[in-house]
Amino acid sequence: MIEQLDSLIIRYEEITELLSDPDVISNTERLRELTIEESELRPKVEKIKRFKTVIQEIEEAEEILNDSSDAEMIELAKEELNELKDERESLEQTIKLMMIPEDPNDNKNIIMEIRGAAGGDEAQLFAKDLLDMYTKYANNQGWKVELLDANITGIGGYKEVSLMITGSKVYSKLKFENGAHRVQRVPETESQGRVHTSTATVVVMPEAEEIDFDLDENDIRVDIYHASGAGGQHVNKTASAVRLTHIPTNTVVAMQDERSQLKNREKAMKVLRARVYDLLQSQAQSEYDSERKLKVGTGDRSERIRTYNYPQNRVTDHRIGLTIQQLDAIMDGQIDEIIDALILYDQTQQLEELNGQ
């Protein structure tokens, strides 16, 4: 671990030197990359340097205890040693958390897909509620939300809706939202006042850029057709709807939300790239997970991860056993407590793995 810490300090010092290099300053992209890396390394290096200082001060205090005959000096050294050892323990835990390998997708934007699943109209209305919840949460974070495509039902729910969320570390906050979300409530159409159970599924995919993997245009079949006008939307007189099919994986994306064929194609390509990238990552993850358990849940997107119980104003995340009696606040986008708990649980699991090595 000490070698790893030293290598981070060396790298940080290299970056600070490079940031004053005229060649780097004149290269906007290189300057941006190094600036981001420097800002991410800085808090880690500060903790590491303090850790090293604390170790040195512990050694000095122990020398005083061993060599001094002055009772007052010995008493002061004992007090200082106790404080230093507590700080060392705290710093060790902090540094171990910082040394957990970062998910390479954590800094990425995401494409989220929400679908009404079991429960008919009620499931589709719940899909809309989830869309509103995530949109409000994104706004609270200062992120930007762009609706990519939506299949709206006659009563205002969603059979499916896809959106893009862009901002700082979006994937790191929302990656654990994958799975089936269950709602228990009395539907507006229920005259008997009985509680119904419905589900909607959420898929979170990191936005894939061209540098992430090579998506060969020759592997994509493009079909152009007229928009269907589903959900009361306009019906184009010109063929503007686009369907892309990635032949090797049989991944299909259709987009007709925009009047422009070019815009629909751009949106469809974003979603297709994200889906194929996500599929390839999932396959690699499955191979890795055959030898270890997933950190949070099984990773199966059909897995029921959370229940929203309206009669009891309660939300329960089944993966970590967290229950919050503030469903109204959760549905208003205040999901920080759940997200923070999931991230902490994930870090704790990884920390236990590191300690067990």
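The structure reproduced in this document is the subject of the present report. Being a predicted model, the structure only gives us computed values, none of them experimental.

Definitions and cut-offs
- Residues numbered from 1 in each chain as written.
- Predicted model: local features only at pLDDT ≥ 70, side-chain atom pairs only at ≥ 80, totals over all residues.
- Heavy atoms only, no water.
- Buried < 20%, exposed > 50% of the residue type's maximum accessible area, 1.4 Å probe, protein only.
- Helix = DSSP H or I, 4+ residues; strand = E, 2+ residues; numbered from the N terminus.
- Pairing = 2+ DSSP bridges.
- Core = buried A, V, L, I, M, F, W, Y, C linked by side-chain atoms within 4.5 Å.
- Axes fitted to C-alpha atoms, helices over the stretch in contact; angles between N-to-C directions.
- Parallel < 35°, antiparallel > 145°, perpendicular 65-115°, else oblique.
- Left-handed = near helix turned anticlockwise from the far one by under 90°.
- Polar contact = N/O pair within 3.5 Å; in protein donor to acceptor, adjacent residues only side chain to side chain.
- Contact = heavy atoms within 4.5 Å.

**A look at the pairing of strand β4 (residues 179–185)**
The two faces of the sheet receive side chains in turn, since in a regular strand these alternate between them.
Next up, step 1: With seven of seven residues buried, β4 lies mostly within the body of the structure.
Next up, step 2: Sheet topology note: the β4/strand β5 (residues 196–206) ladder contains seven bridges and is antiparallel. Looking at β5, one finds that A180 is bridged to T201.
Next up, step 3: Two strands pair when backbone bridges link them, and β4 and strand β9 (residues 304–309) are joined in this way by five bridges, in the parallel orientation. Looking at the pairing, R182 lines up with T307 of β9.

**Section: the nonpolar core**
Next up, step 1: One finds M112, I114, L130, Y134, L174 and Y308 to be the most contacted residues of the largest nonpolar core, which totals 36 residues.
Next up, step 2: When residues of this core are traced back to their parent elements, those giving at least two are β1 (110–116), α5 (120–141), β3 (158–166), α6 (170–174), β5, β11 (322–324), α8 (327–331) and α9 (336–356).
Next up, step 3: Counting residues per element, this core draws most heavily on α5, which supplies eight residues.
Next up, step 4: Judged by nonpolar contacts, the second largest core, of 20 residues, contains L8, I48, L91 and M99.

**A few points about the packing of helix α3 (residues 28–67) against helix α4 (residues 71–99)**
Next up, step 1: Close contact between α3 and α4 brings their axes to 9 Å; oriented N to C, the two are set at 150°. One way to sum up the angle between α3 and α4 is to call them roughly antiparallel. Relative to α4, the crossing made by α3 is left-handed.

**Quick word on the side chain of T153**
Next up, step 1: Mapping T153 onto the fold places it in the loop between β2 (144–152) and β3.
Next up, step 2: In terms of polar contacts, T153 uses its side chain to reach the backbone amide nitrogen of G157, at 2.9 Å.
Next up, step 3: Sequence-distant contacts of T153, defined by excluding residues within four places in its chain, comprise Q124, Y158 and K159.

**Points about the pairing of β9**
Next up, step 1: A large share of β9 lies buried, amounting to five of its six residues.
Next up, step 2: Two elements, β9 and strand β10 (residues 314–317), share four bridges in a ladder whose sense is antiparallel. When the bridges of β10 are listed, R306 appears paired with D317.
Next up, step 3: Taking the residues between adjacent antiparallel strands as the criterion, β9 and β10 are bridged by four residues, where N313 takes a positive phi near 50°.

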